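Working through the structure, step by step
These are the residues of each chain, in order.
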Amino acid sequence: MLLFSCMAMVFAQNRVITGKVTDQKDGSPLPGVSVTVKGVAGLGTQTDINGSYKLGVPATAKVLAFNFLGYKLAEQSINGSIVDVQLTSDSKQLTEVVVVGYGTQKKANITGSISSVSAKEIEGTPTTSIEQAIQGKTAGVYIQSGNGKLGQGIQVRVRGSSSISAGSEPLYILDGMPITTDNLSSTDAPTNPLADINFNDIESVQILKDASAAAIYGARASNGVVVITTKKGKAGTPKVNFSASYGKSTPSRHREFLNAKQFVQIMERAGEGAAKQDFAAGAYDTLDDALADYKSYVEDNFTSLSAGTDDWKTGKINTNWERAAYQSAPQQQYDLNISGGNDKTTYYMGGQYLDQTGILIGNSFKRYSGRLNLDSKVDKNLSIGMNLSFANTINNRVSNDNAFSTPLQSVALSPITPLIDPRSGLISGTPPGESEDFPLYYNPLISKNNAFYQATVYRTIGNVYANWEIVKGLTFRSEFGIDQLNQAEDSYYGSATFRNTGTNNGFGQNTTTQVLNYNTNNYFSYKTIFGQDHSLDLTLGTTYQKSRTVGNDVQGQEFASDAYKKLTAAAVIVSGASYDSPYSFLAYFFRANYAYKGKYLFSGSIRRDGSSRFGVNNRYGFYPSGSVGWILTEEDFLKNNNLLSNLKVRASYGLTGNANIGNFSSLGLFSAANYNGVGGQRFSQIVNPNLKWETTAALDLAVDFGFFNNRLSGSFDYYKKNTRDLLLNVNLPGTLGISRQLQNLGKLSNKGFELELSSDNFVGKFKWSTSLNASYQKNLITDIKGQVITDNNINYVMAGQPIGIFYMPEYAGVDPANGDALYYKNAKGTDGKLDRTKTNDPTQAQNVVVGSPTPKYYGGITNTFGYNGIELAVTFQGAFGYKVYNNGGQYMSTSAGNGFDNQTIDQLKYWNKPGDITDIPEPRLFYGNGISTSSRYLSGASYVRCKTVTLGYTLPKAVVSKLRLQKIRVYASAYNLFLITKYKGWDPEVNSDELPSNVDLSNDFYSAPQPRTIIFGINIGL
């Protein structure tokens, strides 16, 4: 009886709790989670491979605590014998592991400047490429879409532009391998190879910004490094996730042009203005004769533009060509992935189908992609794995911005021109109804059904690795990767496009490009802790990359009919070309990270890089870096501080390089030549054996902080980058027969401040978190040996100014006495002061700096709210302190002074009579009153954009489990919802694809706005 009583007492005081721990985001089991009883020391367990646990607890136990690396600590009340819990990932945890170059590092020990974007922040974004998805998410990274065409090149600048003639895009590393990101377009408008990558397969994006973080990549790190890591499988029950979305895009902004009545009014007034000028110049004996002649001329043109009718008189025709350039733009996307594994092998398999229609007629983008990631432990010391992806993208492209066949150039057509020619029943301008003056220009709507331009890409990116732990702490890793990109651009322009192509019976072109890029990394890593207070992490290795690009281009014309669209049917092959362009890199690198007592941090790296691109005298470059950090909150005087939970100061300095130039820039080259049908050669490039890397010396001073147990955390950075030995295309004497040579000449600098903040404003049942980033950036050319460089007479490179500064005559408004456009002379007097008197002759006005094309300030803010399964996330993004030049203004905003192009609505405020005060000159047909390049067409372009809004609802687990599912989430998402700006054009975030370069910046030339997209979707987890 005594024994029975004792046993009963024991069972009354103890009970067994079981449960399962899963990831809150996707419901996957979490093995290795620490489960303890709150308030009871030494009592706990860990979850198994399926996320399950079993723990005996005292009868008095009330709360279990769940702790896991990279997740927020969770506490759950004990109500019954089963306690399940979902953990939420915590990007602010200092124990989080961050992917860096050739390895990983604990976040607390990082002394460099690294910005991170997680999968959750970008998943479901209705865009085609990763750059668009991360826009506004990180400090110090300025991303400019350029225009609203799908699959088009996007400009990314990490802490400013560090080059003038060489590339300024960052280096992209995917799962340890540098991938191909070069523009492969056969036209001036760039394509975007990153659009081949399904970013829903991405686990995280780390942007290495300072020398300490990026110098391990040496000669290609001056523009920053973007390290992309794809998703891996987790041990446990197989997990299946399916998502589907459907939506529609519309132009995010419209411009207002003149209607038919207004067009007739301003053109008649322009004829009157021109008549007065001709009479004043003595071309007519009387003003009445001049007015009569111009009236007749203008009215004849009206009749011609109205398809030979007098409908322009009645207003019967009133075509909105801007709206006609757009199309209905639906999109759909489906993703399926399966992951799982056991304690030996894990896997992740994913697939996607994306079908997106662009807002411009004829523009669309499709992507089929698949991924397989495998990781396996062969034994306790050896693991192997692979990452493999395949993509097929089909981009139906439209013409460059500077082409009459690009859809948005239809706005130049007059509103009195009908969409359909009543004489033929066809789109106006379609043969045989077309003529030299009907419509005014080639009608781009003809191309929709009579031409195509398609770029098709097949791309395979894969790598394999083996990781061998030789002895405890010492591992050797070998990686081999390949990136094979095959792109075919096929285009055909039918006979109806004659006015655009100049060929009567069709024109076809086929361009193929193949890039084989392979890379191998082999390196040792050694990690050890000694003497309790010392930790050391060493990396030593080598890397080799070789890339080869081969291409062919064939053009033909004179097809039997438009039914034949392939070049085999061309009667005349007008041109053919092929090329083969390889390059290679070989590097050796070493990095050491040391920490003393977990609070004094030291890091250093060196890299020796060799490249085939540079001269024989400078084939190799050397890139060292060093950094220090001090975690003050680990000191006794702050350790028990209740307010300050984290305070770390860090500093770094180092050298990085830029090798983003042509593959043969240092060589003396000959090119093939045709001498009246006889093959020959000509000298085309002067040898430069001393050509070497651009070198950037970068300083970074920063502080990381956290308050209230890291509920408010962030970082503040100051950086300065000085670039020397600029790779610059230098003008040569004309007597050499070669105009330019790439040389190392000049210096520039970038400096700025960055702030990142993250806060959990409310926790508990109602959650509200905020993430904010803000950047100030200043770029300055410090020395280019007295040169002044320009390609477009709008953007210039000159010492003492930012890259691409706007340098032109300064517009001074309109003379109220006679309606002349005026300009400030701005000539320097002997006293050094500018002559601010005005002239109506733009050739007498001196060029002056009138604005910068790059923002001084930019940033973004995201607020996320959650309550009972409902989540709302809103991101705003903006840029400030820069200007955009409307290069199309000389045609569309000239107060009818440059022909019969339709005009923007603001041109109705033209000067009409003496005494009128306005900035719009008197209309004078073909007199070009005020159309010269000047600050008249320069506008402030600061903006704030509501980038994304996502509202989602995750069904309760009790409901979902009845359907034998892990998760169901439904959501609606809006992209580019609205825009706040004073810029008058379609989009302030613009750069024409006519001549994209590091210098020709913020030019607007009939560039389409970005799309506003609204989608509805569902995520299902099995």
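Residues numbered from 1 in each chain as written. Predicted model: local features only at pLDDT ≥ 70, side-chain atom pairs only at ≥ 80, totals over all residues. Heavy atoms only, no water.

Attention shifts here to the side chain of Asn392. Mapped onto the secondary structure, Asn392 falls in strand β21 (residues 382-396). One polar contact links the side chain of Asn392 to the main-chain carbonyl oxygen of Val457, over a distance of 3.0 Å. Sequence-distant contacts of Asn392, that is, excluding residues within four places in its chain, are made with Lys366, Arg367, Tyr368, Thr456, Val457 and Tyr458. (Helix = DSSP H or I, 4+ residues; strand = E, 2+ residues; numbered from the N terminus. Polar contact = N/O pair within 3.5 Å; in protein donor to acceptor, adjacent residues only side chain to side chain. Contact = heavy atoms within 4.5 Å.)

Let us now look at helix α6 (residues 287-305). The end-to-end C-alpha distance of α6 is 27 Å, a good match for the 27 Å that 19 residues give at a rise of 1.5 Å each. What α6 keeps buried is the set Ala290, Tyr294, Val298, Asn301, Phe302, Ser304 and Leu305. Down the axis of α6, the buried set is contained in an arc of 165 degrees. They therefore lie on one face. What points out from α6, more than 90 degrees from its buried face, is the exposed set Asp288, Lys295 and Asp300. Those residues of α6 that are buried are in contact with α5 (260-280) and α7 (311-314). Just beyond α6, the residue with positive phi is Ala307, at close to 60 degrees. (Expected span 1.5 Å × (residues − 1). Buried < 20%, exposed > 50% of the residue type's maximum accessible area, 1.4 Å probe, protein only. Arc of directions from axis to C-beta.)

This part covers the sheet that holds strand β13 (residues 171-174). Strand order in the open sheet made by the 5 strands is β10-β15-β16-β13-β14, with mixed pairing throughout. Each of the sheet's edge strands pairs with one partner strand only, and the pair in question is β10 (114-118) and β14 (177-178). Across 5 bridges, the pairing between β10 and strand β15 (residues 202-208) is antiparallel. Bridging from a neighbouring strand, Val117 pairs with Val205 of β15. (Pairing = 2+ DSSP bridges.)

Turning our attention to a nonpolar patch on the surface. Side chains of Trp468, Ile470, Val471, Phe524, Leu540, Phe590, Ile606 and Phe622 sit close together on the surface and give an oily, nonpolar patch of about 710 Å² of accessible area. The dominant element in the nonpolar patch, judged by the number of residues it contributes, is strand β22 (residues 451-471), at 3 residues. Along the polypeptide, Phe524 turns up in strand β24 (residues 507-530). Look at Phe524 and you get partly exposed, because its relative accessible area is 38%. (Patch = residues over 30% accessible without salt bridge, like charges linked within 9 Å, V, L, I, M, F, W, Y side chains within 5 Å. Areas by Shrake-Rupley, 256 points an atom, 1.4 Å probe, with all protein chains shown as cover. Salt bridge = Lys/Arg side-chain N within 4 Å of Asp/Glu carboxyl O.)

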